[in-house]
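Listed below, chain by chain, are the residues.
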Amino acid sequence: MRQPVDAYREGYDKARTDNLGGVTGEVLMGILRDDPGRYFERGYHDGRAGKPFSPPIEVREPPAAENRFSKKTAVKTNCPNCGVLDWFEWKFLGRLTDPVCGYTWFAGSGTYAWMQLRASLLSGAETARYFTSELSGQSEIMASVFKGLGWLLGAVLGTFIRLEVGLPMVPIQAVVGLCHDRDKKHPGRYIALVLSGIAAIVITYAIRHNPSGQYATGQQRAATIRPMVSTVSSALPASGARAALTPTFDTIFDEAYSNQWSYTVGEGAPRINWSKGDLRIQAPVSGSSIIFLSNQQFSGDIDADFRFNHQGFGRTTVGIYCASARQWLAEADLDTNDTAYLGLGSGGRSSGYAYSSAPYLNTLITIRIIINGDHARVYANNELMVSYPFTPVVPYQLGLAVNSVSWKSGDNITDFYRVTAECVPPQCWMAH
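Since we're looking at a predicted model, the values are computed, not measured.

The rules behind the values
Residues numbered from 1 in each chain as written. Predicted model: local features only at pLDDT ≥ 70, side-chain atom pairs only at ≥ 80, totals over all residues. Heavy atoms only, no water. Pairing = 2+ DSSP bridges. Helix = DSSP H or I, 4+ residues; strand = E, 2+ residues; numbered from the N terminus. Core = buried A, V, L, I, M, F, W, Y, C linked by side-chain atoms within 4.5 Å. Buried < 20%, exposed > 50% of the residue type's maximum accessible area, 1.4 Å probe, protein only. Phe/Tyr/Trp six-rings, centres within 6.5 Å; stacked < 30°, edge-to-face > 60°. Lys NZ or Arg CZ within 6 Å of the ring centre and 35° of its normal. Axes fitted to C-alpha atoms, helices over the stretch in contact; angles between N-to-C directions. Left-handed = near helix turned anticlockwise from the far one by under 90°. Contact = heavy atoms within 4.5 Å. Nonpolar A, V, L, I, M, F, W, Y, C, P; charged D, E, K, R; others polar. pLDDT = per-residue confidence, 0-100. Salt bridge = Lys/Arg side-chain N within 4 Å of Asp/Glu carboxyl O. Polar contact = N/O pair within 3.5 Å; in protein donor to acceptor, adjacent residues only side chain to side chain. Patch = residues over 30% accessible without salt bridge, like charges linked within 9 Å, V, L, I, M, F, W, Y side chains within 5 Å. Areas by Shrake-Rupley, 256 points an atom, 1.4 Å probe, with all protein chains shown as cover.

K.L.:
Could you give an account of the sheet that holds strand β21 (residues 397–404), with specific residues and numbers?
P.N.:
Strand order in this open sheet of seven strands is β8-β11-β21-β14-β15-β16-β17, and the pairing throughout is antiparallel. What marks the edges here is a single partner per strand, and that holds for β8 (261–267) and β17 (349–350). Pairing of β8 with strand β11 (residues 288–294) involves six bridges; the strand directions are antiparallel. Each bridged residue has a counterpart across the sheet, and for Val 265 the counterpart in β11 is Ile 290.

Encoded structure:
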């Protein structure tokens, strides 16, 4: 026997699709239909009048106070179609179906996010119970300690592992809900999509600008250059003492510095003055230039530091230089007067006038250049400034250049204190 709700739904659906001919036929021939209880007729009249789907109250059981789906997940809410408050079984992506009026919809994004959080907390509780189900110690105190740790570890692991799966489903559910109900406005779903987009941008930015590649507090750092191959770290205390891990290349400009560097005068008569721990190069404003290149050559990924103090005027350049191609592969130019900028470049790209040179003149500055495959990152005083492509032309060397020209306001006087470089893998360098 056909259920009353089925008769009501059939009449309601027919009324919503009938044209003028169908309505006329129903008026003339409807009296001949076998319609016990006149449920079909009531559904037809409601459909033609544009009323919400609302089967007779006697065909729907009163809503239960508790979840009537036993162990299955369900939510108590109002059906968007007929407006009746009842329990509805929770399906994949928060899909709900009213068993009486037959309407199907997707839960709001806020409800879905809360259900994911609830499921994560329940997962944490279950994992904690599993971790502590067979724990025991030699005494009640030890057993309590082990169970406490087990509960903590299980709750954290269970909750966060479940959250890693549940949270990415929130924007997916929002998109599915919008596609299902195209003719209805759902501001909550748009808010969920916007928040998910912001979270994705923040996570992407954090991954691409991993702080593990920057300096730590003071003058210590832990640099990750190629995590899948090797991690090279060095600590350089303020006192200048050598760290436990010696860099591949290290110049503190002591008596041995001349064995590590060679220089070429470009023009003019630059002056070189050395004192222990300080290499001073002075390029007169009349027009002069000089470049120092490390005798040690490199052919792989490196992490290089240059510590110096640019005083006076003119341009001082530090970076990665290829002698065979006679060009800088990655460099930092600290300049004055008409080009008063800290210019950073690599792979054909340059920061131009983006950074003023004023904060870095007449003071100690540390330029750090990390080469990782076809990518270069340049830091100034622990701050990531640019991240550019890198075109390796091997072998390459560490370079220091000082010059000044007649239109500058005076001589270029630059003191170099220390240059270090760490290489990954260690076989990436070779003696000159």
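Next comes the rest of the account.
K.L.:
An account of the nonpolar core is requested, with residue identities and associated values reported.
P.N.:
Within the largest apolar cluster, 44 residues are counted, with the highest numbers of intra-cluster contacts made by Ile 367 and Leu 398. Listed in part, the 17 residues of the second largest apolar core include Val 75, Cys 79, Trp 105 and Tyr 112.

K.L.:
Give me the pairing of strand β14 (residues 315–322): which residues, what numbers.
P.N.:
Across the eight residues of β14, seven count as buried, placing the element largely inside the fold. Across seven bridges, the pairing between β14 and strand β15 (residues 327–334) is antiparallel. Paired with Thr 317 across the two strands is Asp 333, which belongs to β15.

K.L.:
Give a description of the packing of aromatic side chains that names residues and reports values.
P.N.:
The final tally for this structure, using the stated rule, is eleven aromatic pairs. Ring centres of Phe 88 and Trp 105 lie 5.2 Å apart, and the angle between their planes is 80°; this geometry places the pair in the edge-to-face category. Separated by 17 residues along the polypeptide, Phe 88 in strand β2 (residues 85–89) and Trp 105 in strand β4 (residues 104–106) bring together distant segments of the chain. Take Phe 88 and Trp 105: they sit in the same class, and that class is buried. Both rings, one in Phe 390 and one in Tyr 396, keep their centres 6.1 Å apart while their planes meet at 85°; by these two values the pair is edge-to-face. Tyr 396 gets classed as buried once you look at its relative accessible area, which sits at 2%. Aromatic ring contacts, followed pair by pair, group Phe 249, Phe 253 and Trp 261 into a single cluster. Lying across the ring of Tyr 379, Arg 368 places its NZ or CZ 5.4 Å from the centre.

K.L.:
Requested: an account of the packing of helix α2 (residues 20–29) against helix α3 (residues 39–48), with residues and values cited.
P.N.:
In a pair of packed helices, the angle between the axes and the distance between the axes together describe the arrangement. Two elements in contact, α2 and α3, have axes whose closest approach is 13 Å; the angle formed by their N-to-C orientations is 145°. Along this stretch, α2 crosses α3, giving a crossing that reads as left-handed. Facing Gly 22, Val 23 and Glu 26 of α2, the residues of α3 in contact are Phe 40, Tyr 44 and Arg 48. Here the residues of the contact of α2 with α3 are counted per class, giving three nonpolar, one polar and two charged.

K.L.:
Give me the confidence of the model for the chain: which residues, what numbers.
P.N.:
Low-confidence regions, as indicated by low pLDDT, have predicted coordinates that should not be scrutinised in detail. Mean pLDDT for the chain: 79, with 80% of residues reaching 70 or above. Low pLDDT, under 50, characterises residues 211–245; the predicted model gives this stretch 73 contacts beyond four residues in sequence or across chains.

K.L.:
Give a detailed account of the pattern of salt bridges, specifying residues and quantitative values.
P.N.:
Under the defined criterion, the tally for this structure stands at eight salt bridges. Here Asp 18 makes a salt bridge to Lys 14, at a shortest N to O gap of 2.8 Å. A relative accessible area of 27% means that Lys 14 is categorised as partly exposed. Between Asp 250 and Arg 418 there is a salt bridge; the shortest N-O distance is 2.6 Å. You can see Asp 250 sitting in strand β7 (residues 249–251) and its partner Arg 418 sitting in strand β22 (residues 412–424), a full 168 residues away along the chain. A relative accessible area of 11% means that Asp 250 is categorised as buried. Under the relative-accessibility criterion, Arg 418 is labelled buried at 7%. Overlapping salt bridges bring together Arg 315, Asp 335, Asp 338 and Lys 408 as one network.

K.L.:
Let's hear about the side chain of Lys 408: which residues, and what values?
P.N.:
With respect to the element layout, Lys 408 can be found in the loop between β21 and β22. A polar side-chain atom of Lys 408 sits 2.9 Å from a polar atom in the side chain of Asp 338. At a separation of 3.3 Å, a polar atom in the side chain of Lys 408 contacts the side chain of Thr 339.

K.L.:
So what's going on with a nonpolar patch on the surface? Residues and values would help.
P.N.:
Together, Ile 141, Met 142, Val 145, Phe 146 and Leu 149 give the surface a local cluster of nonpolar side chains, amounting to about 470 Å² of exposed area. Of note, Phe 146 is situated in helix α5 (residues 140–166).

K.L.:
I'd like a description of the environment of Ser 406, backed by residues and values.
P.N.:
Looking at the element boundaries, Ser 406 is found in the loop between β21 and β22. In this structure Ser 406 comes out as exposed when scored by relative accessible area, which is 56%. Along the sequence, Ser 406 and Gly 314 sit 92 residues apart, while their C-alpha atoms lie 9.4 Å from each other.

K.L.:
Could you give an account of the environment of Phe 40, naming the residues involved and the relevant values?
P.N.:
Among the secondary structure elements, Phe 40 is positioned in helix α3. We classify Phe 40 as buried; its relative accessible area is 2%. Separated by ten residues in the primary sequence, Phe 40 and Gly 30 have C-alpha atoms spaced 9.6 Å apart. Sequence-distant contacts of Phe 40, that is, excluding residues within four places in its chain, are made with Ala 7, Tyr 8, Glu 10, Gly 11, Lys 14, Glu 26, Arg 33 and Asp 35.

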